[in-house]
Amino acid sequence: MGGGHSTEPEPEPVLLPVPWRTLPEYNLDNLEFVKSYKPHNKEATQLRILLHGPNHAGKSSFINSVESVLQGRVTDRAATDAISGMSFTKNYKTHKIQKDPERYYSFVFNDVMGLEDNTDCGVCEEDLNLALRGHVKEYYKFNPHSHLTENDQEYNSSPTLADKVHILVSVVSADSLTLLKKDVVRKMRNIRLAASEMGIPQLAIITKVDEACPEAAKNMNNIYKSKLLKEKVDKLHNLLGLSRNRIFLVKNYNSELETNDAIDAPILLALKQMLHSGEDFLNNL
Ligand SMILES: Nc1nc2c(ncn2[C@@H]2O[C@H](COP(=O)(O)OP(=O)(O)O)[C@@H](O)[C@H]2O)c(=O)[nH]1
Ligand SMILES: [Mg+2]
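Below, the structure is looked at part by part. (Residues numbered from 1 in each chain as written. Chains lettered and ligands numbered in written order. Predicted model: local features only at pLDDT ≥ 70, side-chain atom pairs only at ≥ 80, totals over all residues. Heavy atoms only, no water.)

1. Describing the sheet that holds strand β5 (residues 107–111)
Logical step 1: Ordered by their spatial adjacency, six strands build an open sheet running β2-β5-β1-β6-β7-β8, and the pairing between neighbours is mixed. At either end of the open sheet lies a strand with only one pairing partner, and these are β2 (94–95) and β8 (247–249).
Logical step 2: Note that strand β6 (residues 167–173) and strand β7 (residues 202–207) share six bridges and pair parallel. The residue of β7 that forms the bridge with leucine 168 is glutamine 202.
Logical step 3: With respect to the sheet, helix α2 (residues 59–71) is in contact with β1 (47–52), β2, β5, β6 and β7, its orientation differing from that of β5 by roughly 160°.
Logical step 4: Its contacts with the sheet place helix α4 (residues 182–197) against β1, β6 and β7, and it is angled at close to 165° to β6. (Pairing = 2+ DSSP bridges. Helix = DSSP H or I, 4+ residues; strand = E, 2+ residues; numbered from the N terminus. Contact = heavy atoms within 4.5 Å. Axes fitted to C-alpha atoms, helices over the stretch in contact; angles between N-to-C directions.)

Here is the structure:
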């Protein structure tokens, strides 16, 4: 219009004016919910959450982070792997979190070795399927070249409800989303389909939001306002066909010495949803 001089275009705002999901102002309610959670279905002594996703996505870190939130201090128990390359978690192991000297919390985690396209690492889809159904015994060592069969010692032929998976969680890091190989995505979709057939609910977490988005690194309260992270959610929604309200953003504890509310909040929100969905599944069997 007038003036004759060209003006620089306004830089696109990086934050949405209103968050597309609200984080609670106080964590106490969610923390209390998580701490006191117990499956209503007495057949299930614990709720089992299975984390799966590419190597290095932050699965072990998420388990550690949940423990940190619950303990109120940063812990480091489920071995995380800072060196990229081969998957670190090779054995099927149930991670329990201590509530007090005598008891554990009523939800447990399993995480499975990365789903790599390279045949030298990663876990067979057949084994993932068996894990969902509770057939994989503790400490079974995943082998990318062969899968568990009924005659193996590590095959649990009569799984109880507590051995089965009650909620499947896909884990991907925000920075790797655009780089995911076709084969990895295909495997992630397949395992989701297998879970769907069994009626097992699913959700996803996008980790390392701090690395992908400077606004998140600055202030974790901004994660659900970040346009960049919203795009990551859209991307994962398109890749996996999981609805957006089933996808959660988190930053795991990795370098912090102490826990804080801003990092706790999104972790608790995601965990609460895992427990709600798993609980619904157990009640609708
Ligand atoms: N900055 C940042 N680093 C993370 C986050 N989550 C995990 N990491 C780091 O990423 C690496 C791989 O994480 P790990 O939990 O071992 O991945 P896994 O292979 O899926 O179990 C480790 O060095 C972690 O410290 C996160 O949310 N933010
Ligand atoms: Mg791991």
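Back to the text.
2. Here we look at helix α3 (residues 125–132)
Logical step 1: Those residues of α3 that sit buried are Asp127, Leu128, Leu130, Ala131 and Leu132.
Logical step 2: One or two residues past the end of α3 sits glycine 134, with phi positive at roughly 85°. (Buried < 20%, exposed > 50% of the residue type's maximum accessible area, 1.4 Å probe, protein only.)

3. Quick look at the nonpolar core
A general tendency of soluble globular proteins is for nonpolar side chains to be buried together.
Logical step 1: In terms of nonpolar packing, the biggest core is built from 61 residues, with Ile49, Phe107 and Phe109 touching the most fellow members.
Logical step 2: In this view, phenylalanine 109 contacts Ile49, Leu51, Phe62, Ile63, Val66, Lys93, Thr94, His95, Ile97 and Leu271; residues no more than four positions away in its chain are not counted.
Logical step 3: Among the nonpolar cores identified, the runner-up in size contains 21 residues, and Leu128, Ala131, Tyr140 and Ile200 belong to it. (Core = buried A, V, L, I, M, F, W, Y, C linked by side-chain atoms within 4.5 Å.)

4. Thoughts on the environment of arginine 192
Logical step 1: Structurally, the position occupied by arginine 192 is in helix α4.
Logical step 2: Separated by 58 residues in the primary sequence, arginine 192 and glycine 134 place their C-alpha atoms 16 Å from one another.
Logical step 3: Arginine 192 has contacts with Leu168, Ser170, Gln202, Leu240, Gly241 and Leu242, leaving out every residue within four places of it along the chain.

5. So, the side chain of glutamate 256
Logical step 1: As for its position among the elements, glutamate 256 is in the loop between β8 and α8 (261–283).
Logical step 2: In this structure the side chain of glutamate 256 is engaged in a polar contact, spanning 3.0 Å, whose partner is the side chain of lysine 251.
Logical step 3: Among the polar contacts made by the side chain of glutamate 256, one reaches the main-chain amide nitrogen of asparagine 254 at a distance of 2.9 Å.
Logical step 4: Here glutamate 256 is in contact with Val74, Lys251 and Ile263, once residues within four sequence places are set aside. (Polar contact = N/O pair within 3.5 Å; in protein donor to acceptor, adjacent residues only side chain to side chain.)

6. Notes on the pairing of β1
Logical step 1: Across the six residues of β1, six count as buried, placing the element largely inside the fold.
Logical step 2: Of the strand pairs in this sheet, β1 and β5 are connected by five bridges, and their pairing is parallel. Among the inter-strand pairings, leucine 50 is bridged to a residue of β5, identified as asparagine 110.
Logical step 3: In this structure, β1 lies alongside β6, joined through four bridges in parallel fashion. By the bridge assignment, leucine 50 is partnered in β6 with leucine 168.

7. A look at the packing of α3 against α4
Logical step 1: Close contact between α3 and α4 brings their axes to 10 Å; oriented N to C, the two are set at 30°. Comparing the axis directions of α3 and α4 gives the class roughly parallel. With respect to the hand of their crossing, α3 and α4 are arranged in right-handed fashion. Two secondary-structure elements touch here, α3 through Glu125, Leu128, Asn129 and Leu132 and α4 through Arg186, Lys187, Asn190, Ile191, Ala194 and Ala195.
Logical step 2: Across the contact of α3 with α4, the residue classes tally to five nonpolar, two polar and three charged. (Parallel < 35°, antiparallel > 145°, perpendicular 65-115°, else oblique. Left-handed = near helix turned anticlockwise from the far one by under 90°. Nonpolar A, V, L, I, M, F, W, Y, C, P; charged D, E, K, R; others polar.)

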